[in-house]
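This is what each chain is made of:
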Amino acid sequence: MNAYSRRGACPALSAPMQTGDGLLVRLNPVAGGPSSGGLSPKLLIGLAESALRHGNGIMEVTARGSLQIRGLTTQSATLLAKEVDALGIVVRTGVPVETGPLAGIDPQEIVDPRPLADRIREAVEDAGLSQRLGPKVSVVVDGGGQLTMDAVTADVRLKAASTEAGIRWRVSVAGDGRNARLLAVADEGVARDIAVAALRMIAEKGRDAHARDLSERQLVSLAGWLCLTSLREAPPSVLPDISPSRGEITWSPTVSPISGAAKEKPTSKPPISPLEGEMSGRTEGGASRKPIGLFPLAGDVPTLGIGLPYGSMPTERLIALAQSALTLGTSEIRLAPGRALLFLGQPPAANPSLQQTAATLGFVTAPTDPRTRIAACPGAPACASGRIATRDIAEAIATENADSLDFTLHVSGCAKGCAHPGPAALTVVGGENGAGLVVNATAKALPAGYRPGYDAARGIGRVAAAIRSARYQGETAAACLTRLGPAGIAEAYRQE
């Protein structure tokens, strides 16, 4: 095992990660215009040309909105890093504290999340947590608006909400906008303190820990922070209030967090939130708008979102699109969660031409494109770990079964499941026995049935046919899949 081979790490520019097709690096350019490190078309062209010289000709935008360059060697990764530095591209370092791609410029967002995100970053650095937290630990600060961060998972997430008392932040842990556990609804200062306290607890569990590893007692303790601050009992820093032995916030021994009455010992179950239940935000999210199409900004100058099919594109096509954007007057290109690029600053009349160029080059220009429902890694032959030609399979499925794809389909070259680590409704995964089909689980799960790798798309076509045959009027394909069950789906997949 060499220095680059550890899985589960974040392959930053200074620490590339070994994959099946060489080393991989991931960049998070700072958005907000070239003066602050955002990507102008010229900068993106320069970066892509460097990637073309030193990589294998494939660039990716991830589900979290990061830029990946593949196929590097130890020597070429060093050269790439030097060239990125020479271009003056500013990239984020430390614990990822992510905001939406339109943060601060979306007229529909509840509040600009960037000031709170900056305060959290500063608190994390002051607490010395960057070196103690694992590379995959992350925070989301979501101001709402047209492109929310609901679909992005995070260890700690803060989402703005309008209340009668003003702007408040819903603080939750371990999940996305649909399934994260809500801890509190608080003002900005308290929300920041809870977030940093949660990160401190995670750090105390080791560099492999995440928010999902926190105990129930710790989560209740975090939720109780709101009660403490409302009684002016909280210390100025969250750090001294964390127990080294239990990793929990210390309660006042004399004051009840609910009534304020004197007690001999604190309550064991403080309220998690004043907004428990349907209005708590636990049921919202997961269906955020895709970052593809036109999004109005201030001054009637919309931004245009264009997607990368399966998050990947040959570098030459990315260069061609950026050159077209430069000619049409685009001032900035932002990376967006959901494997897309946002083009800002061009005159509104230029957007149809830019969309047409993108469509000709093979990019995704409509949110209804069936390719947005499919996650596919590079697969064989691009990746040495891939057992099946994932992109060919994905293209065939998208072309032939567009009417049945209202659920997430994952095509994985191997059981690592790099393109979609979480569960998917259906996953086609390459293995020793061919292309296995996993139902409602991750690529690591045991397949319910197999087909030859070259014939996987035909198997999914059989599943799509079964859906069309069994589907009730008004029923979604996803609901029909659930009703058919794993055994019925596997039988259809194996059918000749």
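Residues numbered from 1 in each chain as written. Predicted model: local features only at pLDDT ≥ 70, side-chain atom pairs only at ≥ 80, totals over all residues. Heavy atoms only, no water.

Another aspect to go through is helix H7 (residues 315-328). For H7, spanning 14 residues, the distance from its first C-alpha to its last is 20 Å, which sits close to the expected 20 Å at 1.5 Å a residue. Listed in full, the buried residues belonging to H7 are Thr-315, Leu-318, Ile-319, Leu-321, Ala-322, Ser-324 and Ala-325. Buried residues along H7 sit in contact with helix H1 (41-54), strand S3 (58-61), strand S11 (303-307), strand S12 (312-314), strand S14 (340-344) and helix H8 (351-361). Where H7 terminates, the next one or two residues include Gly-329, which has phi positive at roughly 100 degrees. (Helix = DSSP H or I, 4+ residues; strand = E, 2+ residues; numbered from the N terminus. Expected span 1.5 Å × (residues − 1). Buried < 20%, exposed > 50% of the residue type's maximum accessible area, 1.4 Å probe, protein only. Contact = heavy atoms within 4.5 Å.)

Of the pockets and cavities examined, the second largest pocket occupies roughly 310 Å³. In terms of lining, the second largest pocket is formed by 18 residues, of which the most central are Tyr-310, Ser-312, Met-313, Pro-314 and Arg-391. At the level of elements, S12 and helix H9 (390-400) are the ones that each hand at least two residues to the lining of the second largest pocket. Here the lining of the second largest pocket is built from residues that sort into 10 nonpolar, three polar and five charged. (1 Å grid on protein atoms, 1.4 Å probe; cavity = no way out; pocket = protein on both sides within 12 Å on 5 of 7 lines; lining within 4 Å. Points joined across faces, edges and corners; volume = space filled by probe spheres on them. Nonpolar A, V, L, I, M, F, W, Y, C, P; charged D, E, K, R; others polar.)

Sheet architecture is open: five strands sit in the order S5-S6-S7-S8-S9, paired in mixed fashion. Every interior strand has two partners, whereas the edge strands, strand S5 (97-98) and strand S9 (181-186), have only one. With two bridges joining them, S5 and strand S6 (residues 139-142) adopt parallel strand pairing. Residue pairing in the sheet places Glu-98 in a bridge with Val-140 of S6. Against the sheet, helix H3 (residues 114-126) makes contact with S5, S6, strand S7 (154-163) and strand S8 (166-175), and its axis sits at roughly 155 degrees relative to S6, the strand it touches most. Of the strands in this sheet, S6, S7, S8 and S9 touch helix H4 (residues 188-204), which is tilted by about 170 degrees from S7. (Pairing = 2+ DSSP bridges. Axes fitted to C-alpha atoms, helices over the stretch in contact; angles between N-to-C directions.)

Applying the stated criterion across every chain yields a total of three cavities of 30 Å³ or more. Its volume calculated, the second largest cavity comes out at about 60 Å³. Along its surface, the second largest cavity is lined by Gly-100, Pro-101, Leu-102, Ala-103, Asp-106, Glu-109, Pro-113, Asp-142, Gly-143, Gly-144, Gln-146 and Leu-147.

Strand order in this open sheet of five strands is S15-S16-S17-S18-S19, and the pairing throughout is mixed. Two strands bound the open sheet, and with one partner strand each, they are strand S15 (374-376) and strand S19 (449-451). Going from strand to strand, the sheet's axes swing by 20 degrees on average, the running direction of each strand aside. As defined by bridge partners, strand S17 (residues 424-431) adjoins strand S18 (residues 434-441) across seven bridges and the pair is classed as antiparallel. When the sheet's bridge partners are listed, Gly-431 is paired in S18 with Gly-434. Strands in contact with helix H10 (residues 456-470) are strand S16 (409-412), S17, S18 and S19; relative to S17, the strand with the most contacts, it is inclined by about 155 degrees. Contacting S17, S18 and S19, helix H11 (residues 477-494) crosses the sheet at an angle of about 40 degrees to S19.

A word on the packing of H7 against H8. H8 packs onto H7 with a crossing angle of 170 degrees between their chain directions and a minimal axis gap of 10 Å. Relative to H8, the element H7 lies roughly antiparallel. Across the interface between the two elements, Arg-317, Ala-320, Leu-321, Ser-324, Ala-325 and Leu-328 from H7 touch Ser-353, Leu-354, Thr-357, Ala-358 and Leu-361 from H8. Looking at side-chain class alone, the contact of H7 with H8 contains seven nonpolar, three polar and one charged residues. (Parallel < 35°, antiparallel > 145°, perpendicular 65-115°, else oblique.)

Within the element layout of this structure, Arg-451 appears in strand S19. What makes Arg-451 buried here is its relative accessible area of 2%. The sequence separation of Arg-451 and Glu-496 amounts to 45 residues, and the corresponding C-alpha distance is 9.6 Å. When near neighbours in sequence (up to four residues on either side) are disregarded, Arg-451 contacts Asn-433, Gly-434, Ala-435, Arg-458, Gly-459, Tyr-493, Arg-494, Gln-495 and Glu-496. A distance of 2.5 Å separates a polar atom in the side chain of Arg-451 from a polar atom in the side chain of Asp-455. (Polar contact = N/O pair within 3.5 Å; in protein donor to acceptor, adjacent residues only side chain to side chain.)

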